[in-house]
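Residue-level structural notes
The lines below spell out each chain.
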Amino acid sequence: MACRLNLQQLGNTFGSLFDSRTMKSQSTTTLPSKPKSLSPQQPVPQFGISSISVFRPTLALDNEWYESGLTRKFVKHTGIRSRLVSFEDEVDMGLRATEALVRESGCDLRDCAAVVFASPSLIPVPISYRHFEKSRAKQEQPTRVACEFVKALRAETRNDASLGTSSQAIRPRLIRGINSFCSGYARGIALIQDSILPTIGLANDEFVLLVTSNRISRITDFSCSQSGALFGDLATATLLSRADSRKYPVHLSVVGAQYNRIQVSRPYFDFSNRSNVLVPTADGGRQVVPQRVVFSLDGMAIADAAPRAMLDASNQMLEFARLRCEDIATIVPHQAGEGIVRLTDMRLKDAGFQAEVINGMTKDIGNVSSCSVPMTLEHIWHRLEGYVLCPV
């Protein structure tokens, strides 16, 4: 799958593109006044990002943890020296990111009109039914997990005075869960624009909460040479509000989003049930578990396809937004690894882009999948200027 979105910060936009298991989706940037899902009598209000917060687990596994299991080639191509591992599940990680958002932005959870919960570490439902009993397989359903998150956040509000009182508990009118792997953030924003805003009638003192929660460590075989050291765990919480909101002022306003799919020749990701799987312990040690459902990936195919896909998405963004390469000030690609971002940078420069390309964000945390773009935006939040393009 692939997807692209447009954001504007005081006149700035960014788009994003990503690859997943059997499909590659491209998100194209547009400047529509009336999205296809709406009639002229029901325009979507202009909206954007007001604030982003990040939760980082405390356990970091450095490359020495893998003993002789990592090659020099891996370190050179990815730039990863350590990766974060969480022993809290996706719901609890989402809670930690949202708690940080409340502390840092001062938002009132009673103003939350809708919640989108994106998690790339949930096992796709058809695959979960293949490997688990029915009751266990249901636990991987994204919207079910999203509802569990909201329920847990209500309980947290009752127990934590810093989040408000029980009368201030979150009561969204709409809850959606998605699993779009690395593209979850981009798809979440497209979903908010095309489906959620036309439905809920967002008031100017309300917001939509977009949470990305990634715990890929729970589906990782840490002895795998391709994937065992690549990913890290992270969670983010993004507050999106109307452009005319005084209570939650917009820093990056969404110009438009379009979600397309393009067939690819073969799957880049797969799942299997393995025996005797190496995993870390909570204190940073090593243990072997008897059985685990884990993912695998075709690293060479992804490294070949990703830079071309991100260039294609970037060019389409310029065409739909009627911009030129020189209009883009900053490019924030999905931080899949330093090598892929370097190749993407080369292709973009060859195509005429002159913008700074952000790289190196994986060094101490790993590839954090759908958390990559919001985490990077939060990191460079106060120096974003001009048009910002984010191919994923």
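For the structure itself, look to the data block above.
Here's a quick rundown of the structure. (Residues numbered from 1 in each chain as written. Predicted model: local features only at pLDDT ≥ 70, side-chain atom pairs only at ≥ 80, totals over all residues. Heavy atoms only, no water.)

1. Here's the deal with the overall build of the chain
- Looking only at helices and strands, one finds nine helices and 16 strands in the chain.
- A buried classification covers 59% of the 392 residues belonging to the chain.
- Within the chain, contacts between residues at least 6 apart in sequence are counted, and of these 78% link residues at least 24 apart.
- Working note: accessible area of the chain is about 16,000 Å², and carbon and sulfur atoms make up 47% of it. (Helix = DSSP H or I, 4+ residues; strand = E, 2+ residues; numbered from the N terminus. Buried < 20%, exposed > 50% of the residue type's maximum accessible area, 1.4 Å probe, protein only. Contact = heavy atoms within 4.5 Å. Areas by Shrake-Rupley, 256 points an atom, 1.4 Å probe, with all protein chains shown as cover.)

2. Section: the sheet that holds strand β16 (residues 387-389)
- Read across the sheet, three strands follow the order β15-β14-β16 without closing on themselves; strand pairing throughout is parallel. Both outer strands of the open sheet, β15 (356-357) and β16, are each paired with one neighbouring strand and no more.
- Where strand β14 (residues 328-331) and β15 come together, two bridges link them in parallel fashion. When the bridges of β15 are listed, Ile-331 appears paired with Val-357. (Pairing = 2+ DSSP bridges.)

3. What about unusual backbone geometry?
- Of note, the phi angle at Asn-276 is positive, near 55°, even though the residue is not glycine.
- Position of Asn-276 relative to the elements: it lies in strand β12 (residues 269-280).
- Looking at Asn-276, the relative accessible area reads 59%, which means it is exposed.
- Non-glycine residue Ser-369 carries a positive phi angle of around 55°.
- Within the secondary structure layout, Ser-369 lies in the loop between β15 and α9 (372-379).

4. Description of the pairing of strand β9 (residues 207-214)
- Burial within β9 is extensive, with eight of its eight residues counted as buried.
- Both faces of β9 are covered, namely the face carrying Phe-207, Leu-209, Val-211 and Ser-213 and the face carrying Val-208, Leu-210, Thr-212 and Asn-214.
- Relative to β9, strand β7 (residues 112-118) is paired through six bridges, and the arrangement is parallel. Across the sheet, the residue bridging to Cys-112 is Phe-207, located in β9.
- Pairing of β9 with strand β10 (residues 234-242) involves eight bridges; the strand directions are antiparallel. In the strand pairing of β10, Thr-212 is matched with Thr-236.

5. Regarding the state of the cysteines
- Evaluated as defined, the whole model comprises zero disulfides.
- Lacking any disulfide linkage, Cys-112 is separated from the closest cysteine sulfur, that of Cys-107, by 8.3 Å. (Disulfide = S-S within 2.5 Å.)

6. Topic: the side chain of Ser-241
- Take Ser-241: it is sitting in strand β10.
- By relative accessible area, Ser-241 is classed as buried at 0%.
- A polar contact is formed between the side chain of Ser-241 and the backbone oxygen of Tyr-248, at a distance of 2.6 Å.
- When neighbours within four sequence positions are excluded, Ser-241 is seen to be in contact with Gln-46, Phe-47, Gly-48, Ser-50, Leu-202, Glu-206, Phe-207, Tyr-248 and Val-250. (Polar contact = N/O pair within 3.5 Å; in protein donor to acceptor, adjacent residues only side chain to side chain.)

7. Looking at the packing of aromatic side chains
- Counting across every chain of the model gives six aromatic pairs.
- Consider the rings of Trp-65 and Tyr-66, whose centres lie 5.0 Å apart with planes at 75°: the pair is edge-to-face. This pair shows no difference in class: Trp-65 is buried, exactly as Tyr-66 is.
- Centroid distance Phe-207 to Tyr-248: 5.2 Å. Interplanar angle 75°. Geometry classified as edge-to-face. One end of the pair, Phe-207, is in strand β9; the other, Tyr-248, is in the loop between β10 and β11 (252-263), and 41 residues separate them in sequence. Comparing Phe-207 with Tyr-248 shows no difference in burial state: the two are buried.
- Taken together, the ring pairs connect Trp-65, Tyr-66 and Phe-222 into an aromatic cluster.
- Over the ring of Phe-132 we find Arg-136, and its NZ or CZ is 4.2 Å from the ring centre. (Phe/Tyr/Trp six-rings, centres within 6.5 Å; stacked < 30°, edge-to-face > 60°. Lys NZ or Arg CZ within 6 Å of the ring centre and 35° of its normal.)

8. Quick word on the nonpolar core
- Residues Ile-49, Ile-192, Ile-196, Ile-200 and Leu-377 are the most contacted members of the largest nonpolar core, which totals 41 residues.
- For this core, the elements supplying multiple residues, two or more each, are β4 (47-55), β7, β8 (174-178), α6 (184-200), β9, β10, β11 and α9.
- Here this core takes seven residues from α6, the largest share from any one element.
- The next biggest cluster of nonpolar side chains, apart from the first, holds 35 residues, and it includes Phe-231, Phe-269, Val-293 and Val-294. (Core = buried A, V, L, I, M, F, W, Y, C linked by side-chain atoms within 4.5 Å.)

Take it as geometry only, folks, not as evidence of what the structure does.
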